[in-house]
Amino acid sequence: MVGAGAAALLTVGLLATTPTAAAQEAVDDRPTAIVSLGDSAISGEGAGDYENGTKGENGNWCHRSNNALVHRTTVADETINLACSGADAANVSLADTSHYTEGSQARRLIDVAQQYRVTTVIVQVGANDDPAFADTVLDCIAEWFNPFSSGCRASLQSQWPQRVAAMAPKVEVAVNDVKSAMSQAGYAAGSYNLVLTSYASPMTENMDDILHGPQGCPFKIADARWGRTVAVPQLSEALRGVATRTGAKFLDFSRGSEGHEACSGYGDSSTEWQNRVKVDPWAWVTGGLDAIGIHMAQESFHPNARGHTQLGRCVTEFVNSGRGSAACVVGSDGNLHAV
């Protein structure tokens with residue numbers, strides 16, 4: 001026979017080990033998700049296989065690719081891409097903006113975070129703000145056509161640090177707004193991974209000295225070297241500072257295409273992770289007359305599907321590592337690793 005004291009202890013033990021109704025209700029059985037926000041580099045511009053409705057239809061040129069890096073991660077049940085080609089920091093923030101017919105990415109994140117249990121949010125933005133990366137590339141291409149020019153780096157060397165510095169506070173606002181969006185969706189700080197990334201260099205000086213222009217990389221060799229070794233690293237360091245100030249994790253992509261940049265394969269592009277100049281004459285099929293011009297070439301100098309696969313691989317390693325910062329670097333096996 002169990003004594004009264006033993007029975008009381010047994011009762012207490014059962015109460016201690018049996019989940020209460022409140023605890024059972026607190027279990028979150030929603031599918032987990034990783035969500036990407038930002039611009040063309042993360043939307044999947046250049047990787048092809050774009051989602052219907054983002055290929056120029058009714059003015060939407062977001063070019064969200066089914067091959068985008070977020071869809072190449074393996075850290076959650078669902079992968080969701082809210083990024084849009086050409087977006088700037090304001091388009092990611094909670095501001096009342098519109099870009100290619102779409103509103104605030106952070107506001108849309110609130111809805112996603114209520115539907116799913118978001119475990120990771122990855123943000124890549126800033127290049128379309130003061131650095132004006134696309135316009136800068138076009139300026140450098142124009143200098144290649146001028147045989148008397150010393151190249152675009154001559155003027156950019158003094159301008160670039162100022163542009164990057166002006167960009168940083170705008171990205172900081174966007175990242176803080178992403179945190180606010182997650183808070184509005186009911187998430188406590190630290191209950192999910194917030195990752196800010198930099199950008200992989202699309203160009204390199206390691207290309208055919210004579211034929212690189214006709215091969216699809218019309219840049220002066222010295223300009224390409226400056227872009228890879230100075231401009232992209234400076235942009236990366238500015239974004240690292242933003243991550244530090246906002247409490248986000250930081251993943252450095254600046255070397256993410258090393259040895260696989262556009263035209264690094266000389267006459268063979270099959271080993272490259274970045275697109276060369278790429279013109280899509282069929283863009284008008286969905287985009288109509290609006291496609292004529294920049295939209296036909298907007299895939300140029302963006303990561304291709306191979307590049308996104310590698311970047312997604314690195315993101316997976318980084319998130320699983322639990323670290324606060326790392327860099328994506330090509331390892332001895334030829335793949336990107338978070339180191």
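Calculation criteria
Residues numbered from 1 in each chain as written. Predicted model: local features only at pLDDT ≥ 70, side-chain atom pairs only at ≥ 80, totals over all residues. Heavy atoms only, no water. Salt bridge = Lys/Arg side-chain N within 4 Å of Asp/Glu carboxyl O. Helix = DSSP H or I, 4+ residues; strand = E, 2+ residues; numbered from the N terminus. Buried < 20%, exposed > 50% of the residue type's maximum accessible area, 1.4 Å probe, protein only. Disulfide = S-S within 2.5 Å. Pairing = 2+ DSSP bridges. Axes fitted to C-alpha atoms, helices over the stretch in contact; angles between N-to-C directions. Contact = heavy atoms within 4.5 Å.

Naming follows an unreviewed UniProt entry, where the protein chain appears as SGNH hydrolase-type esterase domain-containing protein of Actinophytocola xinjiangensis.

(A) Looking closely at the pattern of salt bridges. By the definition in use, this model includes 14 salt bridges. The salt bridge partner of E102 is R64, with a shortest N-O separation of 2.8 Å. A residue pair is termed long-range when its members are at least 10 positions apart, and E102 in the loop between α4 (89-92) and α5 (105-115) and R64 in the loop between α3 (40-43) and β2 (78-81) qualify at 38 residues. A relative accessible area of 12% means that E102 is categorised as buried. One salt-bridge network, in which partners are shared between bridges, spans E51, R64, E102 and R108.

(B) Molecular detail of the state of the cysteines. Applying the stated criterion to the full structure yields 4 disulfides. C217 shares a disulfide with C263; S-S distance 2.1 Å. Judged by the sign of its S-S torsion, about 100°, the cystine formed by C217 and C263 is right-handed. In this pair, C217 is assigned in the loop between β4 (193-197) and α8 (221-246) and C263 in the loop between β5 (249-252) and α9 (284-287), connecting sequence segments 46 residues apart.

(C) Spotlight on the pairing of β4. Of all 5 residues that make up β4, 5 are buried, and the element is covered over most of its length. Burial of the side chains of β4 extends over both faces: N193, V195 and T197 are buried on one face and L194 and L196 on the other. In this structure, strand β3 (residues 117-124) lies alongside β4, joined through 4 bridges in parallel fashion. Residue pairing across strands places T120 opposite N193, the latter belonging to β4. Here β4 runs beside β5; their pairing, made up of 3 bridges, is parallel. By the bridge assignment for β5, L196 is matched with F250.

(D) Expanded view of the sheet that holds β4. What the 7 strands build is an open sheet, ordered β2-β1-β3-β4-β5-β6-β7; its pairing is mixed. Taken across any chain shown, the strands that pair with only one partner, and hence form the sheet edges, are β2 and β7 (336-338). Adjacent strand axes in the sheet meet at a mean angle of 20° when their direction is disregarded. Across 7 bridges, the pairing between strand β1 (residues 32-38) and β3 is parallel. Note that in β3 the partner of I34 across the bridge is T120. Packing of α8 onto the sheet brings it into contact with β4 and β5, and relative to β5 it is tilted by some 165°. Each of β1, β3, β4, β5, β6 (325-330) and β7 touches helix α10 (residues 305-321); the most contacted strand, β7, lies at about 20° to it.

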